[in-house]
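Chain by chain, the residues run as shown.
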Amino acid sequence: MPKGQPNKMYTPELKIKVVETIHKEHKSYRETARDFEKSKNDIVAKLERNYLEEGKKGL
């Protein structure tokens, strides 16, 4: 992690909320990342992929 950037934790509850937002509101990864103040939309994509493959236990 680059110096000076705080560690942003993703709690299980937040992960579920992120994935539910993608599905319920039909938002893109970029829009969802922005809504949850996350800098990387590829993390949002990974969360959704894990959810689709393994369900809530994959988060």
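Now for a description of the structure that goes with this document. Starting from 1, residues in each chain are numbered consecutively following that chain's sequence as written. Predicted model: local features are reported for residues with pLDDT of at least 70 only, side-chain atom pairs are reported and counted for 80 or more only, and whole-chain, interface and lining totals are derived from all residues. The side-chain numbers reported here are obtained from all heavy atoms of the structure, hydrogens and water having been left aside.

Notes on the side chain of threonine 32
Phase 1: A run of H or I in DSSP becomes a helix once it reaches four residues, and a run of E becomes a strand once it reaches two; helices and strands are each numbered from the N terminus. By the secondary structure assignment, threonine 32 is in helix α2 (residues 29-35).
Phase 2: A distance of 2.9 Å separates a polar atom in the side chain of threonine 32 from the backbone oxygen of serine 28.
Phase 3: Here threonine 32 is in contact with Val18, Thr21, Ile22, Lys27 and Val44, once residues within four sequence places are set aside. Each polar contact in these results corresponds to two N or O atoms within 3.5 Å; when the atoms are within protein, one needs to be able to donate a hydrogen and the other to accept it, and residues that are neighboring in sequence are counted only if both atoms are side-chain atoms. Only heavy atoms enter the contact rule, under which two residues are in contact if any of them lie within 4.5 Å.

Things to note about the pattern of salt bridges
Phase 1: Here a salt bridge means any side-chain nitrogen of Lys or Arg lying within 4 Å of a carboxyl oxygen belonging to Asp or Glu. With the rule as written, the count across this model stands at two salt bridges.
Phase 2: Between glutamate 25 and lysine 27 there is a salt bridge, and its shortest N-O distance comes to 3.4 Å.
Phase 3: Burial status follows relative accessibility: with a 1.4 Å probe on protein chains alone, a residue under 20% of its type maximum counts as buried, one over 50% as exposed, and anything between as partly exposed. Assessed through its relative accessible area of 47%, glutamate 25 is described here as partly exposed.
Phase 4: Exposure remark for lysine 27: the relative accessible area of 24% places this residue in the partly exposed category.
Phase 5: Salt bridges sharing common partners tie together Glu25, Lys27 and Asp35.

Some remarks on the packing of helix α1 (residues 12-25) against helix α3 (residues 41-54)
Phase 1: Between N-to-C directions, angles span 0 to 180 degrees; the directions come from axes that are lines fitted to C-alpha atoms, helices contributing only their stretch in contact. Close contact between α1 and α3 brings their axes to 10 Å; oriented N to C, the two are set at 90°. With respect to α3, the element α1 is oriented roughly perpendicular. Taking contact as the criterion, the partners of Lys15, Val18, Val19, Ile22 and His23 in α1 are, on α3, Val44, Leu47, Glu48, Tyr51 and Leu52.
Phase 2: In terms of residue class, the contact of α1 with α3 is made up of seven nonpolar, one polar and two charged. Any angle from 65 to 115 degrees is called roughly perpendicular, while one under 35 is roughly parallel, one over 145 is roughly antiparallel, and all others are oblique. Put simply, Ala, Val, Leu, Ile, Met, Phe, Trp, Tyr, Cys and Pro go in the nonpolar bin, Asp, Glu, Lys and Arg in the charged bin, and everything else, Gly too, in the polar bin.

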